[in-house]
Amino acid sequence: MKIGIPKEIKNNENRVGMTPAGVAELVRHGHEVYVQHTAGEGSGFADEAYVKAGATIVPTIEDAYGVADMIVKIKEPIAPEYPLVKKGQLVFTYFHFACDKALTDAMLKSRGVCLAYETVETAHHTLPLLLPMSEVAGRMATINGAYYLQKTKGGKGKLICGVPGVKPVKVLVLGGGIVGQAAARVAAGMGANVVIADISLPRLRELSVTMPPNVDTLYSSRHNIERELGDVDIVVGAVLVPGDKAPRLITRDMLRLMEPGTVLVDVAIDQGGCFETSHPTTHSDPVYEVDGILHYAVANIPGAVPNTSTWALTNATLKYATALADKGWRKACHDDEALARGLNIIDGHIVYKAVADVFGMEYEPVEQFL
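Residues numbered from 1 in each chain as written. Predicted model: local features only at pLDDT ≥ 70, side-chain atom pairs only at ≥ 80, totals over all residues. Heavy atoms only, no water.

As a general point, the strands of a sheet are linked pairwise by backbone hydrogen bonds and lie either parallel or antiparallel. Ordered by their spatial adjacency, eight strands build an open sheet running β3-β2-β1-β4-β5-β6-β14-β15, and the pairing between neighbours is mixed. What marks the edges here is a single partner per strand, and that holds for β3 (56-58) and β15 (349-350). Pairing analysis gives two bridges linking strand β1 (residues 2-5) to strand β4 (residues 70-72), with the strands arranged parallel. Residue pairing for β4: glycine 4 is matched across the bridge by isoleucine 71. (Pairing = 2+ DSSP bridges. Helix = DSSP H or I, 4+ residues; strand = E, 2+ residues; numbered from the N terminus.)

Okay, unusual backbone geometry next. Of note in the backbone geometry, asparagine 12 takes a positive phi value of approximately 50° without being a glycine. Within the element layout of this structure, asparagine 12 appears in the loop between β1 and α1 (20-28). Using a relative accessible area of 38% as the deciding quantity, one classes asparagine 12 as partly exposed. Non-glycine residue aspartate 291 carries a positive phi angle of around 55°. When you line up the elements, aspartate 291 lands in the loop between β12 (287-290) and β13 (293-296). (Buried < 20%, exposed > 50% of the residue type's maximum accessible area, 1.4 Å probe, protein only.)

Further remarks concern the sheet that holds β13. Sheet architecture is open: seven strands sit in the order β9-β8-β7-β10-β11-β13-β12, paired in mixed fashion. Since the sheet does not close on itself, it has two edges, and those belong to β9 (215-219) and β12, each with one partner. Strand-to-strand twist in this sheet, taken as the mean axis angle between neighbours without regard to direction, amounts to 20°. Looking at chain direction, β12 and β13 are connected through four bridges and run antiparallel. Bridged to glutamate 289 within β13 is leucine 294. Against the sheet, helix α7 (residues 201-210) touches β8 (193-198) and β9, its axis set at about 170° to β9. (Axes fitted to C-alpha atoms, helices over the stretch in contact; angles between N-to-C directions. Contact = heavy atoms within 4.5 Å.)

Taken by themselves, the reported measurements are silent on function.
Structure representation (structure tokens):
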């Protein structure tokens, strides 16, 4: 199979779809890999490393898409890429269709095959291709929240860990999944007082055992969340409904319960955001203020640490990319139910129910295409 790895063109997105080590494995399986010139540069991988791994360097993004049967990348295609996706071409990346109607319409029109990292789901309901970036994003959420808590950045002017005689800050984490666990653990490690909220009692029991002693668990309800907001300093939104829009857990009127300079970090912004006042921001313009409350809602948080992120993601995606290349997407998805759940759009048809439901569009079961 011919595999294309284009350079990401989203704002300040320095990750790349695959490391040279991943490319070498695909080449070892007999596949041809075409990497766009400087695609890996932002992650610390020079063209020469890809050539040494057996790839061919192509000069433009049009060349990377034009030659490939399968595209492997990081972020969803954006408008300049829409016309580059061909009928029957497999695009293997993060899509987050449920919060982007224009992207959904464009991919339907392309008649390509869209296999989304974020909805590949095992029988045990784990999300193996979302997990590595969730681990990065959760850790970064706390680090960025602490940074913007500085007065010079618009925050309250508090040090997350405090000092002897001065209390540390309070961090509220909404969601006890991979992102929330990572955010809470880093916040606890930095010395904050942490509250992690979730609607799953089994998950809360697990967290109460495994988390450090400065982390308290809380059942997530509007009443309970509102009670925490009066003295909170950082709120991390870390809720996820696979393939669907995130629930809005903090409304506009709830902002008045918080002190000015409180920092909200919305890691769920890729799925529409879990704060009513959230809208996507970029690494070059990451924060904005609403009613005195600072919002950080960068849609590609792991893009700030591209070397770590690219290594972590390739570690997770490589076995799936290899199966897709070895068998073709139909047989690979037929043989692996987890991979089949990643299929969102096939040849102009929506095959992931949550996406169809969000837009009130027709849904067709994926099985009829396999």
